[in-house]
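Structural features, examined
The chain contents come next:
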Amino acid sequence: MSKSYLSLEFIDKSFERNGVRSDVLTQVSLGVEKGEFISIIGHSGCGKSTLLNIVAGLTKATTGVVFLDGQVVDAPGPDRGVVFQNHSLLPWLTVYENVSLAVDKVFSRTKSKAERHDWVMRNLDLVQMGHAKDKRPSEVSGGMKQRVGIARALAMEPKVLLLDEPFGALDALTRAHLQDQVMQIHAELGNTVMMITHDVDEAVLLSDRIVMMTNGPAARIGEVLDVPIARPRRRIELATDPTYIRCRSAVLKFLYERHRLVEAA
Amino acid sequence: MSVTNLNIKSDAAAKPSASIVTLSRAAPPSAGFRMPGFVKTLADNVLPPIITLAFLLVAWEFLCSSPTSSLPAPSRVLEESWALIVDPFYVGQGTDQGMFWHIFASLQRVAVGYALAAIAGIALGTLIGQSDLAMRGLDPIFQVLRTVPPLAWLPLSLAAFRDGNPSAIFVIFITAVWPVIINTAVGIRNIPQDYQNVSKVLRLNGYEYFTKIMLPAAAPYIFTGLRIGIGLSWLAIVAAEMLIGGVGIGFFIWDAWNSSLISDIIVALVYVGIVGFLLDRVIALIANAVTRGNVKA
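In short, a report on the structure. Model, not experiment: these values are computed from the prediction.

Calculation criteria
- Residues numbered from 1 in each chain as written.
- Chains lettered and ligands numbered in written order.
- Predicted model: local features only at pLDDT ≥ 70, side-chain atom pairs only at ≥ 80, totals over all residues.
- Heavy atoms only, no water.
- Helix = DSSP H or I, 4+ residues; strand = E, 2+ residues; numbered from the N terminus.
- Contact = heavy atoms within 4.5 Å.
- Areas by Shrake-Rupley, 256 points an atom, 1.4 Å probe, with all protein chains shown as cover.
- Pairing = 2+ DSSP bridges.
- Axes fitted to C-alpha atoms, helices over the stretch in contact; angles between N-to-C directions.
- Expected span 1.5 Å × (residues − 1).
- Buried < 20%, exposed > 50% of the residue type's maximum accessible area, 1.4 Å probe, protein only.
- Parallel < 35°, antiparallel > 145°, perpendicular 65-115°, else oblique.
- Left-handed = near helix turned anticlockwise from the far one by under 90°.
- Nonpolar A, V, L, I, M, F, W, Y, C, P; charged D, E, K, R; others polar.
- Buried area = accessible area lost by both parts, 1.4 Å probe.
- Salt bridge = Lys/Arg side-chain N within 4 Å of Asp/Glu carboxyl O.
- Polar contact = N/O pair within 3.5 Å; in protein donor to acceptor, adjacent residues only side chain to side chain.

Turning to the overall build of chain B, a few remarks are in order. Along chain B, the regular secondary structure elements total eleven helices and zero strands. The secondary structure elements of chain B, listed N-terminal to C-terminal, are α-α-α-α-α-α-α-α-α-α-α. When contacts within chain B are restricted to residue pairs at least 6 apart in sequence, long-range pairs at least 24 apart make up 70% of them. For chain B, the exposed surface amounts to about 16500 Å²; the carbon and sulfur share of it is 69%.

Written out as structure tokens, the structure is:
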């Protein structure tokens, strides 16, 4: 059997606190092909962020293995660029320095100083942040911060880009703008992307496949939905596209009928 | 310095263990008449303290004007200590020096003791901020030791060093080191998980993590510790020098008291106050420059 580019195999995750075991994820298996855009959607608390952290190597799975390009993932590394939920830029560095910190570390041997500078600028231009390179994170808007976060992750030339609810903290207009930008970057560079989201429209708009998680505890993959909409996708046209509407209602049905979030008593 | 227990959970959002309180100014009232910008700023900032000072001096003059008063009035201070005031660079025999040289000698001791305290404090603070084991081992001891008054260390250090100067430096060191240790440790414990994740994804090594993440992230806390430390150092040096003798502002005050030169003591206090204020401002300026205004003090 040939393995997928990114392959999650029988991931279990449980935490133990004061001798009480709580399962977060059970038997999560998933294959992601090279260049594919995958979204993972589920109600909050279903362990989707935990899953992303396991792929990133920031959290260890209790059992199960993650393979990326044939290699076992057991520690964080620059081959999995993470865009964190709250941008996680270092406030004492400028926009440029935040990206160059990553570039200088990852390409210290393979690129010359001038090449690294060009590479930083290319990635900042890719997210249209080249103009603000000397600003500090506190001086730019939330959407701009997230764009720099994306530039930093892209600049590492990761094998897979991991987005952890990247647009969750943004207003709707900024969010739409950034979604378009991510689609454009994905079309240009053909990255493999795994995105965590709780926004149905975002998932359908961006993804090739949507992985729907059941509610925790002991969440598992409930269903995987193909989104057979041709790219490039335009959000205005999609609003009336029958495939879009079908996919959207399938996700909604899964989330709100079959796996309605049960309020914790 | 506020009392702080270092036994905080590392994920708890702990406040800096001690903070420096500065009074912020209320919004200036809208001026009824217009003045050129810099004149107005000058008038707004310089006039009120000058008026307050003048008022205090007048009150002091009035209260101490009777011939039987035990303390000299400002006019008598000027009269009696005029030589001291006008010639701070006077060089005489032994401890008979101008004010500048006394202050300079004290500052030298503070500089050495404080520099050692800053280095040791940041190093130890980093250690107990980083390692739970080190914290469990060292923190209880530090919490006890830091309550020992600075001067209580002096006899012990005199016994150990058998000399006044290193003893005074040691007292400065032991006074200033605790707030630096504690604030550094709290700062390092409070480094957000996000920054640690970033460093893990980038695979920063220990040295890179220390210089690129840990120090800048903890810098606002470290500088809070350093600012408290410099204030305490200056408090301790005067007391320590009273006991060890030699050239130094502390001994100068003690000597003046023994010679009943009360006016000289008052001049010396003015110097001590101004120098202490300047030391605090210098550390604050450095903090601002280094952390680019990120110090919330």
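The discussion continues.
Right, let's get into the sheet that holds strand 6 (residues 80-83) of chain A. All names here are of chain A. With mixed pairing, six strands are arranged side by side in an open sheet as 6-7-8-3-9-10. At either end of the open sheet lies a strand with only one pairing partner, and these are strand 6 and strand 10 (221-226). Taking the axes of each pair of neighbouring strands and ignoring which way they run, one obtains an average angle of 15° across the sheet. Summarising the sheet, strand 9 (residues 209-213) and strand 10 pair through five bridges and their orientation is antiparallel. Bridged to M212 within strand 10 is E223. Of the strands in this sheet, strand 3 (37-41), strand 9 and strand 10 are in contact with helix 8 (residues 242-258), which crosses strand 10 at around 170°.

The end-to-end C-alpha separation of helix 2 (residues 95-106) of chain A is 17 Å, in line with the 16 Å expected for twelve residues at 1.5 Å each. If you check which residues of helix 2 of chain A are buried, you get A:V95, A:Y96, A:N98, A:V99, A:S100, A:L101, A:A102 and A:V103. Where helix 2 of chain A is buried, its residues contact helix 3 (113-126) and helix 4 (142-155) of chain A together with helix 8 (193-202) and helix 9 (206-244) of chain B.

All names here are of chain A. Between R231 and P232 the backbone carries a cis peptide bond, its omega angle lying at -5°. Within the fold, P232 resides in the loop between strand 10 and helix 7 (235-238). A positive phi is found at F10, a non-glycine position, where the angle reads about 50°. With respect to the helices, strands and loops of the structure, F10 is situated in strand 1 (residues 6-17). Within the chain, S88 stands out as a residue other than glycine whose phi angle is a positive 50°.

Here we come to the packing of helix 7 (residues 164-189) of chain B against helix 9 of chain B. Residue and element names in this part refer to chain B. At a minimum axis distance of 7 Å, the contact between helix 7 and helix 9 shows a crossing angle of 155°. Taken together, the axes of helix 7 and helix 9 are roughly antiparallel relative to one another. When the axes of helix 7 and helix 9 are compared, the crossing they make is right-handed. Taken together, the residues of the contact of helix 7 with helix 9 sort by class into 19 nonpolar, ten polar and no charged.

With that out of the way, let us pick up the interface of chain B and chain A. Accessible area lost on assembly of the parts is the figure often given for the size of an interface. With 16 residues of chain B in contact, the opposing surface of chain A contributes 20 residues. Of the roughly 1700 Å² buried between chain B and chain A, counting both surfaces, carbon and sulfur atoms make up 66%. On the chain B side of the interface with chain A, the three residues burying the most area are B:V201, B:L202 and B:R292, jointly 35% of the side's total. Inspection of the chain B/chain A interface yields one salt bridge. Scanning the region where chain B abuts chain A turns up five residue pairs in polar contact (both at pLDDT 80 or more). When residues of the side of chain B that touches chain A are traced back to their parent elements, those giving at least two are helix 8 and helix 9 of chain B. With seven residues, helix 8 of chain B is the single largest residue contributor to the side of chain B that touches chain A. Split by residue class, the side of chain B that touches chain A holds eight nonpolar, two polar and six charged.

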